[in-house]
Amino acid sequence: MTSTRFSPGARAAVAALAVGAVTVALAGCATGTDTTNTAANSDADAVYRIPITDPGSEIDPLTVADYNAQLISGLVTEPLVSLDADGALNPRLATAWEASEDGLTWTVTLREGALFNDGSPVTSADVVATFEAITGEDSLSAGRSAFEGILDSVAADGDGTVVFTLARAFSDFPLLLTGTNTGILPADYEPGTWLDNPVGAGQFLLEDYTVGEGATYVKNPDYWDADDILVDGVELKIYDDSQASLLAFQAGEIDRIALTSDVAAAVDESQYQVISSGYNKFDGIFLNVEAAPFDDPAVREALAWAIDRQGLIDNVYEGNADIANDVTFFPDYELQPAGLEQREQDLDKVAELLDGRTVSFTITTDNQLYGEVLQQQLNAVPGFEVDLDVLTGEQYYADGDATPWLNAPLTITNWAKRAPSQYISLIYTADAAWNASHYANPEIEQLGQSFDATTDEAERQGLADDIAAIQWSDLPVIIPTFAKGSVLQSTRIEGEFAGDLDFDTGYSFAGVSISE
Amino acid sequence: MGGGRQHYRIIGQRAVQIPLVLLVVSVLVFWLVQVVPGDPGRNALGPYATLDQVQAWNAERGLDGPLVARYLAWLGGFATGDWGTSLVYGDPVVGLVLERLLNSFALGLFAFAILVPVALGLGVLQARTEGSRTDRALTVLLMSLASVPEFVVGVVLLIVFALLLPVLPIQSGAGVGEGFLPQLRAMTLPAITLALGYVSVVARMTRTGVVETTGSQFYRTAVVKGVRGPALFGGHVARNALIPTVSLLGVYLGALLGGSAVVETLFGYPGLGELLVTATQEKDIFVLEAGVMITGLVALTALLLTDIAFTLIDPRVRYARKD
């Protein structure tokens with residue numbers, strides 16, 4: 001008997017081909033969420049390629065709070081002022097800023113000839129509308145908190161001048177103009193529509209944004225400083241897996257990667273450029289001064305002397321930090337407090353302060369590595385018995401009166417870089433929303449307001465010294481280090497960035513080019 | 001009862017079972033999202049937003065009412081085609097999920113197209129060489145492969161084919177929507193990774209089925225009657241040996257089409273699995289619910305089709321009925 005049917009092997013092959021054909025058909029149909037319906041950037045060699053993770057939020061310059069979302073919109077929008085790596089202010093859409101004698105009014109002069117990418121000029125009305133949107137009662141901007149209690153109103157003075165009226169004098173007001181969500185948008189901008197019409201007056205034009213994949217940009221030929229933008233475009237590629245982004249960097253698919261401990265262990269740093277940008281945060285050790293054992297100033301001080309700060313830098317920051325002295329003045333701030341002894345690990349002082357006692361407490365944090373290193377350091381010091389409670393970010397920052405980060409006896413929380421006196425109103429003031437130490441000292445609050453109110457250099461120096469002395473001696477917060485951002489960068493990139501790519505620096509690409 | 005009526009009966013049963021299963025799953029997902037720590041408004045607005053801002057954001061999106069009322073509102077919308085708006089992306093959920101499903105379908109079918117010939121081929125080869133060095137070597141190889149997680153297999157493939165050689169891209173999403181060949185090239189590594197996760201079990205089952213069949217009485221009778229070659233294998237071995245394998249492949253097809261969170265995340269492939277990972281992290285409840293419903297529907301439909309295929313392949317199979 002002869003079978004006329006196909007053999008199993010042949011049938012399997014036909015089935016596989018059939019499935020493959022369906023795959024092909026579906027593959028041809030498969031798409032991403034292309035929100036701009038334009039072609040991708042094709043000239044990859046002239047494009048700077050940056051890895052990001054999925055922003056996990058809506059892309060609107062007025063409300064973006066996530067770093068990746070801020071970068072997606074920040075390459076297109078332009079701030080009034082930005083910072084460089086040394087902490088100096090760079091004029092962007094603003095060319096000058098000046099305070100009134102009483103410090104209650106700041107007059108900002110806008111750059112002539114600056115244009116939005118739809119061709120319309122950037123005017124004072126646009127700046128006013130942007131800041132009113134940030135600070136309005138119904139604002140959802142993460143930047144609103146920075147202006148609360150400081151900015152009273154903003155008004156136009158002709159087309160080219162904006163007047164900011166403050167609720168109280170604030171000598172570092174220009175620093176606030178470099179903050180979150182402060183990219184200038186047209187006065188008629190409708191919140192929530194940015195991806196439909198990605199408007200801005202910045203360095204690049206958004207060419208394509210695809211959810212889950214990334215974004216491509218081309219240089220904005222009408223940018224006010226277009227001559228200094230030497231790359232043809234930028235590409236943001238989404239990698240939700242750190243291993244994949246590391247391999248992509250090694251394979252040359254992306255031009256930079258954050259220098260984390262995993263990256264440092266996997267690559268030969270000498271093959272790349274190591275870019276260390278300016279200071280970007282501190283991880284504060286917040287001590288609840290209302291509860292035992294940290295209601296005892298001697299215990300707080302003993303803890304501060306027990307910490308091996310260089311050990312933290314080596315083991316937590318991979319060297320990308322500098323030793324701090326428990327005060328909120330970043331090393332690149334124009335004024336540095338004087339007269340304080342630099343704290344370092346001193347076990348004799350610890351023994352003297354504890355006077356034979358053994359102190360037990362728990363470290364609560366969402367920063368596992370920092371918590372583990374600190375716990376190991378302290379448990380090696382006689383007189384400390386330390387437990388560790390590592391929470392997820394959601395658990396740690398949970399809303400509600402009992403949220404761990406504002407109530408546990410000892411917490412470790414990172415704070416992004418701000419003006420020194422801002423921290424007084426945010427974390428050292430008795431009724432401050434984020435006063436995790438439950439600290440109250442009217443003197444430091446008064447000193448902070450005086451510091452903000454004066455522009456006299458000598459007076460400010462004296463006030464800075466007094467503020468720092470209280471922070472150093474009262475120790476509601478131990479600040480062992482100031483962290484710096486560091487990245488590895490492909491050697492095909494030439495020129496230097498003004499600072500790390502974040503909102504403080506306005507994502508500036510001025511002077512950066514790509515070699516042939 | 002005839003084969004056609006049998007199929008109608010299976011379909012009728014599943015038409016009742018599938019919605020019930022999906023309903024239970026939707027309740028569980030909705031409830032679980034509420035009890036795990038975290039707040040969608042806080043996730044969206046960041047740590048520096050005030051509590052008032054977070055509450056306003058949640059209220060604007062209907063996330064502040066009683067749980068049961070919110071669930072019923074969602075269920076009513078879902079049933080009528082209004083799947084809501086993504087809390088993360090601000091886009092309509094229906095377009096977002098179906099688009100990602102299509103991408104996962106493409107990747108899943110590609111992986112299936114690799115899985116079927118490779119696994120069946122290896123299984124038959126092992127059966128034909130039963131007890132030999134080849135059989136033993138393949139057994140060790142396949143068992144080793146089965147014990148390695150998808151993530152590790154994917155990373156090894158990336159290192160070899162994207163970093164050392166390099167002939168394939170690391171980010172698979174780069175090829176999506178850019179034509180057939182770039183897309184096929186970009187999908188190759190994740191598809192192989194997905195397929196390798198199932199090859200071992202399918203090959204083992206194929207081997208066992210073929211060995212058992214070739215040791216049976218009817219096989220020996222066929223041989224004695226002079227049946228040889230393709231007729232012997234196709235008419236007597238494959239039809240009997242592959243019944244459990246086909247059932248298994250049906251289940252795997254459902255799993256492959258629904259998307260893989262691990263593989264899609266590793267390779268940056270914009271599929272449903274990757275979307276669900278983000279939705280879970282950000283508590284994007286409407287995307288999560290819709291994604292889980294669709295994934296479940298795909299898996300259950302695959303099971304239904306497998307049952308039907310089962311009855312077609314083996315007419316002896318009859319599903320029990322109490323009457």
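Residues numbered from 1 in each chain as written. Chains lettered and ligands numbered in written order. Predicted model: local features only at pLDDT ≥ 70, side-chain atom pairs only at ≥ 80, totals over all residues. Heavy atoms only, no water.

A. Layout of the sheet that holds strand 7 (residues 151–156) of chain A. Residue and element names in this part refer to chain A. Taken together, the 4 strands give an open sheet; going across it, the order is 5-6-8-7, and neighbouring strands pair in antiparallel fashion. Of all strands in the sheet, those with a lone pairing partner are strand 5 (94–99) and strand 7, marking the two edges. Between one strand axis and the next, the sheet turns through 20° on average, direction left out of account. With 5 bridges connecting them, strand 7 and strand 8 (residues 161–166) associate as antiparallel partners. Paired with Leu 151 across the two strands is Leu 166, which belongs to strand 8. (Pairing = 2+ DSSP bridges. Helix = DSSP H or I, 4+ residues; strand = E, 2+ residues; numbered from the N terminus. Axes fitted to C-alpha atoms, helices over the stretch in contact; angles between N-to-C directions.)

B. Summary view of the interface of chain B and chain A. Chain B puts 68 residues into the contact, and the matching count from chain A is 56 residues. Summed over both sides, the interface between chain B and chain A buries roughly 4900 Å², with carbon and sulfur atoms accounting for 61% of that surface. The largest share of the area that chain B buries against chain A comes from Tyr48(B), Ile170(B) and Gln171(B), three residues that together contribute 15% of it. The interface formed by chain B and chain A includes 1 salt bridge. Linking Arg61(B) and Glu58(A) is a salt bridge whose minimum nitrogen-to-oxygen distance equals 4.0 Å. Put simply, chain B and chain A have 7 residue pairs in polar contact (both at pLDDT 80 or more) between them. Breaking the side of chain B that touches chain A down by element, the ones donating at least two residues are helix 2 (40–45), helix 3 (51–60), helix 5 (93–128), helix 7 (150–164), helix 8 (180–214), helix 10 (229–241), helix 12 (261–267) and helix 13 (272–281) of chain B. At 13 residues, the largest contribution of residues to the side of chain B that touches chain A is made by helix 5 of chain B. Its residues assigned to classes, the side of chain B that touches chain A comprises 39 nonpolar, 17 polar and 12 charged. (Contact = heavy atoms within 4.5 Å. Buried area = accessible area lost by both parts, 1.4 Å probe. Salt bridge = Lys/Arg side-chain N within 4 Å of Asp/Glu carboxyl O. Polar contact = N/O pair within 3.5 Å; in protein donor to acceptor, adjacent residues only side chain to side chain. Nonpolar A, V, L, I, M, F, W, Y, C, P; charged D, E, K, R; others polar.)

C. Layout of the nonpolar core. In this structure, Leu80(A), Phe131(A), Phe164(A), Phe173(A), Tyr217(A), Leu236(A) and Phe509(A) are the most contacted members of the largest nonpolar core, which totals 102 residues. In terms of residue count, the dominant contributor to this core is helix 14 (residues 285–313) of chain B (9 residues). Beyond its immediate stretch of four places on either side in the chain, Phe131(A) contacts Leu80(A), Phe147(A), Val154(A), Phe164(A), Leu177(A), Thr182(A) and Ile184(A). (Core = buried A, V, L, I, M, F, W, Y, C linked by side-chain atoms within 4.5 Å. Buried < 20%, exposed > 50% of the residue type's maximum accessible area, 1.4 Å probe, protein only.)

D. Molecular detail of the packing of aromatic side chains. Residue and element names in this part refer to chain A. Summed over the entire model, instances satisfying the criterion amount to 34 aromatic pairs over all chains. Ring centres of Phe 204 and Phe 509 lie 5.3 Å apart, and the angle between their planes is 85°; this geometry places the pair in the edge-to-face category. Taken together, the residues span a long stretch of sequence, with Phe 204 in strand 9 (residues 204–211) and Phe 509 in the loop between strand 20 (493–494) and strand 21 (513–514) at a distance of 305 residues. Of the two residues, Phe 204 and Phe 509, both sit in the buried class. With centroids separated by 6.3 Å and ring planes inclined at 90°, the aromatic side chains of Trp 305 and Trp 472 adopt a geometry described as edge-to-face. Taken together, the positions of Trp 305 in helix 8 (residues 297–306) and Trp 472 in helix 16 (residues 457–474) put the pair 167 residues apart, joining distant regions of the chain. The buried category is assigned to Trp 305, whose relative accessible area is 2%. Classification of Trp 472 as buried rests on a relative accessible area of 15%. Of note, Arg 343 hangs over the ring of Trp 472, and the distance from its end group to the ring centre comes to 3.8 Å. The ring of Phe 330 is capped by Lys 417, whose NZ or CZ atom sits 5.9 Å from the centre of that ring. (Phe/Tyr/Trp six-rings, centres within 6.5 Å; stacked < 30°, edge-to-face > 60°. Lys NZ or Arg CZ within 6 Å of the ring centre and 35° of its normal.)

E. Seen up close, the packing of helix 5 of chain B against helix 8 of chain B. All names here are of chain B. Viewed as axis vectors pointing N to C, helix 5 and helix 8 meet at an angle of 35°, and their least axial separation amounts to 6 Å. Our pair here, helix 5 against helix 8, has a crossing hand that is right-handed. Counted by class, the contact of helix 5 with helix 8 contains 25 nonpolar, 4 polar and 2 charged residues. (Left-handed = near helix turned anticlockwise from the far one by under 90°.)

F. Seen up close, the confidence of the model for chain A. Scored by pLDDT, chain A has a mean of 89; 91% of the residues are at 70 or more. Low pLDDT, under 50, characterises residues 1–44 of chain A; the predicted model gives this stretch 71 contacts beyond four residues in sequence or across chains. (pLDDT = per-residue confidence, 0-100.)

G. Main features of the pattern of salt bridges. Residues and elements named next belong to chain A. Going through the model one piece at a time under the given rule, you end up with 18 salt bridges over all chains. Residues Glu 334 and Arg 460 are paired through a salt bridge, measuring 3.3 Å at the closest nitrogen-oxygen approach. With a gap of 126 residues between them, Glu 334 in the loop between strand 14 (321–323) and helix 10 (347–354) and Arg 460 in helix 16 connect regions that are remote in the sequence. For the salt bridge of Glu 341 with Lys 349, the shortest nitrogen-to-oxygen distance reads 3.3 Å.

H. View of the packing of helix 8 of chain B against helix 11 (residues 243–257) of chain B. Residues and elements named next belong to chain B. Orientation of helix 8 relative to helix 11, taken along the N-to-C sense of each, is 170°, at an axis distance of 10 Å. Taken together, the axes of helix 8 and helix 11 lie roughly antiparallel to each other. The handedness of the crossing between helix 8 and helix 11 comes out as right-handed. For the pair formed by helix 8 and helix 11, the contact residues are Leu 194, Tyr 198, Val 201, Val 202, Met 205 and Thr 206 on the first element and Pro 244, Thr 245, Leu 248, Leu 249, Tyr 252, Ala 255 and Leu 256 on the second. (Parallel < 35°, antiparallel > 145°, perpendicular 65-115°, else oblique.)

I. Local environment of the UniProt feature "transmembrane region" (unreviewed entry) in chain B. All names here are of chain B. UniProt tags residues 15–33, 105–125, 137–164, 184–203, 249–270 and 290–313 as "transmembrane region" (unreviewed entry). What you have in residues 137–164 is 93% helix and 0% strand, and the ends, taken at the C-alpha atoms, are 27 Å apart. Regarding residues 249–270, the helix share stands at 73% and the strand share at 0%, and the terminal C-alpha atoms are separated by 24 Å. (UniProt positions renumbered as here; feature names shortened; annotations may be inferred.)

J. Examining the side chain of Thr77(A) more closely. Residue and element names in this part refer to chain A. In this fold, Thr 77 is placed in the loop between helix 2 (67–74) and strand 3 (81–83). The exposure class of Thr 77 is buried, given its relative accessible area of 7%. If we skip the residues at most four places from it in the chain, Thr 77 touches Pro 61, Gly 183, Leu 185, Trp 194, Val 199, Gly 200, Ala 201 and Gly 202.

K. Molecular detail of the UniProt feature "domain: Solute-binding protein family" (unreviewed entry) in chain A. When the UniProt feature table is mapped to this numbering, "domain: Solute-binding protein family" (unreviewed entry) covers residues 89–427 of chain A. The span residues 89–427 of chain A carries 26% helix and 26% strand; its end-to-end C-alpha distance comes to 25 Å.

L. Focus on the pairing of strand 11 (residues 233–238) of chain A. Residues and elements named next belong to chain A. For strand 11, the tally of buried residues reaches 5 of 6 residues, placing the bulk of the element in the interior. Pairing geometry for strand 2 (residues 47–52) and strand 11, over 6 bridges, is parallel. Directly across from Ile 52, in strand 11, lies its bridge partner Ile 238. Direction of pairing for strand 10 (residues 214–219) relative to strand 11: antiparallel, over a ladder of 5 bridges. Across the sheet, Gly 214 pairs through a bridge with Lys 237, a residue of strand 11.

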